[in-house]
Structure formats: C-alpha cells, structure tokens
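Listed here are the chains, written in short residue letters.
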Amino acid sequence: MKFKLTLTLLLLLIAANAFAVDLPGIKTMMQGLEADLNRAQSAMLKQDAPALAAAAKAIAQHPMAVEAERKAIQGVLKAEMAKFKEWDHQTHEAALALAQAAEANDAAAQAAAYQRVLQGCLGCHAAFQQRLKQ
Ligand code: HEC
C-alpha cells in the first residue's frame, strides 16, 4: 500500500514535470521589453522624442522567439495560440504607432499609443503569463 502510494506520487511528479514549459529565451526577451518600455516612458516624460522613437522601435522589433520555444507555447495553448499571436501583433502595431508619434512630435498621439502598447503587454499577461511562467 505504502509502495503504491509512493509510486503514484512519483508518477505524478514526472507527469507534472513533463508539462512544465521552459522558455528562457522568452523570459530574457520580456525583460528586454520591460527595459524598453521604461525607457519609452522616461523619454516621454522628458519630451525627448528621439529617445522615445528609439525605445518604441526596440519594442516593435523585439527578437523572435526561437522555434523550440514557439513550439512549446503552441503545445500548451493549442487553439488559443491565435489569441496569443494577436496580442503580440497588437503590441507590435502600437509600438510602431508610438515611434511614428515620436517622430511627428505629437504628444497626444504619443500618450495614446503608449497606452495601447501597455494594454498589449497587460492583455497578453492577463490571458497567458501565469500559464506559461516557469
Ligand atoms: C503575446 C504575449 C505577450 C506580450 C504581448 C507581452 N508579454 Fe510579457 N510575458 C509573456 C509571457 C508568456 C511571460 C511569462 C514568461 C516566463 O515567465 O518565462 C511574460 C513575462 C513578462 C515579464 C516577467 C519576466 C520575468 O523576469 O519573470 C515581464 C517584465 C514582461 N513580460 C514584460 C512585458 C512588456 C513590457 C510587454 C509589452 C511591451 C510584454 N511583456 C508583452 C507574454 C507576453
């Protein structure tokens, strides 16, 4: 009886481990995005349009996740992968708009685009961060 219980626990542990996602590249990428977003906000507060444009472009052009990690996410999210990609796309578009607003020196458009970028980050996190967190 005791042996059976130990065996069950062991199998459960192995199964849980098999479902854990390991996304070191994505985690590093996210830390980069955080730094870029902070830089963008700081530049906006100082009305430093060139620095804002650079930070926004860095967000828009963040590196792609490596194939293995994209597959791992796909494996967890399955059909919901489309929604994940949509958040990624929305954040990308908003960051491009932020860069454009910076280049146009349009403070109102900058504030609006910044909000949209942040909504992109938060929207994806609300839906997926906990499930994909290591
Ligand atoms: C398409 C989905 C998606 C978008 C868009 C997104 N994130 Fe993330 N983010 C994630 C996922 C998934 C994790 C969990 C990754 C992990 O823990 O390995 C995460 C984790 C993070 C973390 C925590 C990293 C750590 O050290 O634990 C930070 C910070 C972060 N994101 C910042 C951002 C910022 C800033 C933006 C917007 C510019 C953003 N993210 C947009 C999916 C997204």
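Keep in mind it's a predicted model, so treat the numbers as computed, not measured.

Undergrad: Account for the nonpolar core, naming residues and giving values.
TA: Ranked by size, the top nonpolar core spans 17 residues in total, and within it Ala40, Leu52, Ala56, Ala95, Leu98, Ala102 and Val117 carry the most contacts. Within the residue set of this core, elements represented by two or more residues are helix H2 (24-45), helix H3 (49-60), helix H5 (81-103) and helix H6 (107-132). Ranked by residues supplied to this core, first place goes to H5 with 6 residues. Each residue touching Ala95, except ones within four places of it in the same chain, is listed here: Ala56, Ile59, Ala60 and Val117.

Undergrad: Explain the site of the ligand residue by residue, including any values.
TA: Taken together, 23 residues sit near the ligand, with Lys27, Met30, Glu34, Cys121 and Cys124 positioned nearest. Elements supplying a minimum of two residues to the shell around the ligand: H2, H5 and H6. Broken down by element, the residue count for the shell around the ligand peaks at 8 residues, all from H6. A class-by-class count of the residues in the shell around the ligand yields 13 nonpolar, 6 polar and 4 charged.

Undergrad: How would you summarise H3 if you had to cite specific residues and measurements?
TA: Across its 12 residues, H3 extends 16 Å between first and last C-alpha, which sits within 8% of the 16 Å expected from 1.5 Å per residue. Inspection of H3 places Leu52, Ala53, Ala55, Ala56 and Ile59 among the buried residues, and these make up the whole buried set. The buried residues of H3 occupy one face: seen down the axis, they fall within an arc of 170°. Tucked into the core, H3 has its buried residues touching H2, H5 and H6.

Procedures and definitions
- Residues numbered from 1 in each chain as written.
- Predicted model: local features only at pLDDT ≥ 70, side-chain atom pairs only at ≥ 80, totals over all residues.
- Core = buried A, V, L, I, M, F, W, Y, C linked by C-beta atoms within 7 Å.
- Buried ≥ 20, exposed ≤ 12 C-beta atoms within 10 Å, placed from the backbone.
- Helix = DSSP H or I, 4+ residues; strand = E, 2+ residues; numbered from the N terminus.
- Contact = placed C-beta atoms within 7 Å.
- Near = placed C-beta within 6 Å.
- Nonpolar A, V, L, I, M, F, W, Y, C, P; charged D, E, K, R; others polar.
- Expected span 1.5 Å × (residues − 1).
- Arc of directions from axis to C-beta.

Fair warning: the whole summary comes from geometry, so function is off the table for now.
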